[in-house]
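These are the residues of each chain, in order.
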Amino acid sequence: MTSNADITDRVDVRGQRAIVAIDFHHARIYTVASPGHSSPEAVTAKDPWHLDHNLYHRAGNPDGHYDIDAIDTDQFLATLAGALQGADEILLLGHGKGKANASHLFEAYLEKHHHDLAARIVGNIRMDIDDITDNQLLRLGQMAFGEDVPVRDSGDSRRGIPGDS
């Protein structure tokens, strides 16, 4: 079910804290230990019917159901779950609301099919992942996991050397 063509720039997540930005087209995977300016692992959804994973089909869908249960969506989620095997902790980032949020769908998929991975999810943050850069995504993950948090020197919310103006 999983092929190497679905995954590029493979990242070793074994024993690491993984950060996953996911939508219905692809997912970007980092580890907190990833060096800055490195490429994330990319897991891409197949699109054999050239539907580009549209969630709602207006034509030919009189009852208005979402296609999130399509076979290709399940294959994408299974491929992503396989890429995350061995991660110690997982932070999910996604955008959309309700059934349109791929990170929530992926979390539900893990709870149903991969209990061990679902138990390692430490957070599921809703944000605009299309406009976040890879370095911002990595920094957000580091802050969410409590690593590399800026030091506050001044006793208030300012950063930097005490006495700086």
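K.L.:
Please explain the overall build of the chain as it appears in this structure.
P.N.:
Check the secondary structure of the chain and you find four helices and six strands. What you see in the chain, going N to C, is helices and strands ordered as β-β-β-β-α-β-α-α-β-α. A burial count over the chain gives 38% of its 165 residues as buried. Look at the contacts in the chain between residues 6 or more apart in sequence, and 67% of them connect residues 24 or more apart. For the chain, the accessible area works out to roughly 9400 Å², and carbon and sulfur atoms hold 50% of it.

K.L.:
Help me understand the nonpolar core in this model?
P.N.:
Within soluble globular proteins, side chains that are nonpolar generally end up buried alongside one another. By size, the foremost hydrophobic cluster in this structure holds 28 residues, and its most contacted members are Val20, Ile22, Leu80, Leu84 and Phe106. Elements represented by at least two residues in this core include exactly strand 2 (17–22), strand 3 (26–31), helix 1 (71–84), strand 5 (89–94), helix 2 (102–113) and helix 3 (115–118). Here this core takes seven residues from helix 1, the largest share from any one element. Apart from the residues lying within four places of it in its own chain, the contact partners of Leu84 are Val13, Ala18, Val20, Ile29, Ile90, Phe106, Leu117 and Arg120. By size, the runner-up hydrophobic cluster in this structure holds eleven residues, among which are Ile19, Tyr30, Ile132 and Phe145.

K.L.:
Help me understand helix 4 (residues 134–144) in this model?
P.N.:
Every α-helical turn comprises 3.6 residues, leaving residues that sit three or four positions apart pointing alike. Taken residue by residue, helix 4 has Leu137, Leu138, Gly141 and Gln142 as its buried positions. End-on view of helix 4: buried residues confined to an arc of 135 degrees, all on one side of the axis. Buried residues in helix 4 make contact with strand 2, strand 3 and strand 5. Phi turns positive one or two residues past the end of helix 4, at Gly146, with a value near 80 degrees.

K.L.:
Where do I start with the pairing of strand 3 in this structure?
P.N.:
Regular strands show a simple pattern: their side chains alternate between the two faces of the sheet. Extensive coverage of strand 3 is indicated by the burial of five of its six residues. With five bridges connecting them, strand 2 and strand 3 associate as antiparallel partners. The partner of Ala18 across the bridge, within strand 3, is Thr31. Turn length for the strand 2-strand 3 hairpin, with the two strands adjacent in sequence and antiparallel, is three residues.

Conventions adopted
- Residues numbered from 1 in each chain as written.
- Predicted model: local features only at pLDDT ≥ 70, side-chain atom pairs only at ≥ 80, totals over all residues.
- Heavy atoms only, no water.
- Helix = DSSP H or I, 4+ residues; strand = E, 2+ residues; numbered from the N terminus.
- Buried < 20%, exposed > 50% of the residue type's maximum accessible area, 1.4 Å probe, protein only.
- Contact = heavy atoms within 4.5 Å.
- Areas by Shrake-Rupley, 256 points an atom, 1.4 Å probe, with all protein chains shown as cover.
- Core = buried A, V, L, I, M, F, W, Y, C linked by side-chain atoms within 4.5 Å.
- Arc of directions from axis to C-beta.
- Pairing = 2+ DSSP bridges.

Any functional reading would require information beyond the geometric quantities listed.
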